Amino acid sequence: MSESQFQTAVIELAKLNGYRLVYHTHDSRRSVPGFPDLVLVSEHRQRALFRELKTSKGRLSPEQFDWISSMQLAKLNAGVWRPEDLTNGHILQDLRGKA
C-alpha cells in the first residue's frame, strides 16, 4: 500500500465514522516543519485527532516527534498511524474513541 493509498483509506474511514472536517497539508514545504499530516474533527463524537501517517518502516523526524509529543503533553489526541494499524483495527478504535 502506497502512502497515498494509505492516506486515502484513512480519510475514507474517518468520514464513514463521522469525521466531517479533514485537514491535510498539501504542500508541506510551506508549512511549519513537523506538523502532523492529518487533523480529523468529529463534532458528533466530540473528538479531534492529530495524526502523522508513516509507512511501516518510516521514522519520525525530530520536528514531527516534537509536535506529537508536545501535543500529547498538552492533552491533545496526537499520534502516529501506520498501514498495519488500518488492518489490525487500531485506527478504527482511535476514530471511535475506544482504548
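Starting from 1, residues in each chain are numbered consecutively following that chain's sequence as written. Since the coordinates come from a predicted model, pLDDT governs what is reported: local features require at least 70, and pairs of side-chain atoms require 80 or more to be given and counted, while whole-chain, interface and lining totals use all residues. The side-chain figures draw on all heavy atoms in the structure; neither hydrogens nor water molecules are used.

### Some thoughts on unusual backbone geometry
Part 1: Unlike most non-glycine residues, Gln 46 shows phi in positive territory, near 55°.
Part 2: Secondary structure elements follow DSSP: runs of H or I of four or more residues count as helices, runs of E of two or more count as strands, with numbering from the N terminus. With respect to the secondary-structure elements, Gln 46 resides in the loop between β2 (38–42) and β3 (47–53).
Part 3: Gln 46 gets classed as exposed once you look at its relative accessible area, which sits at 73%.
Part 4: Positive phi values are uncommon outside glycine, yet Lys 75 reaches one of about 70°. Classification of residues uses two cut-offs on accessible area relative to the type maximum, computed with a 1.4 Å probe and protein chains only: under 20% is buried, over 50% is exposed, and between them is partly exposed.

### Focus on the pairing of β2
Part 1: Of all 5 residues in β2, 4 are buried; the element is thus mostly enclosed.
Part 2: In this scheme, strands are said to pair when DSSP sees at least two bridges between them. The pairing of strand β1 (residues 21–24) with β2 spans 4 bridges and is antiparallel. Pairing of Tyr 23 across the sheet is with Val 39, part of β2.
Part 3: Inspection of the sheet shows β2 paired to β3 by 5 bridges, in the antiparallel sense. Looking across to β3, one finds that Leu 40 is bridged to Leu 49.
Part 4: Here β2 folds back onto β3, and the loop between the two strands holds 4 residues, one of which, Gln 46, carries a positive phi near 55°.

### Some words on helix α2 (residues 62–73)
Part 1: Compared with an ideal rise of 1.5 Å per residue, which puts 12 residues at 16 Å, α2 spans 16 Å between its outermost C-alpha atoms and is within 8% of the ideal.
Part 2: Along α2, the residues classified as buried are Gln 64, Ile 68, Ser 69 and Met 71. Along the axis of α2, the buried positions cluster into a sector of 160°, meaning they face one direction only. The exposed set on the far side of α2, more than 90 degrees from its buried face, consists of Pro 62 and Leu 73.
Part 3: In the core, the buried residues of α2 are packed alongside β3 and β4 (77–81).
Part 4: At the exit of α2 stands Lys 75, carrying a positive phi of roughly 70°. Expected span, for any helix, means 1.5 Å times one less than how many residues it has. This arc corresponds to the set of directions leading from the helix axis out to the C-beta atoms. Whether two residues are in contact is decided by their heavy atoms: any pair within 4.5 Å suffices.

Remember that the coordinates give geometry; whether it matters functionally is a separate question.
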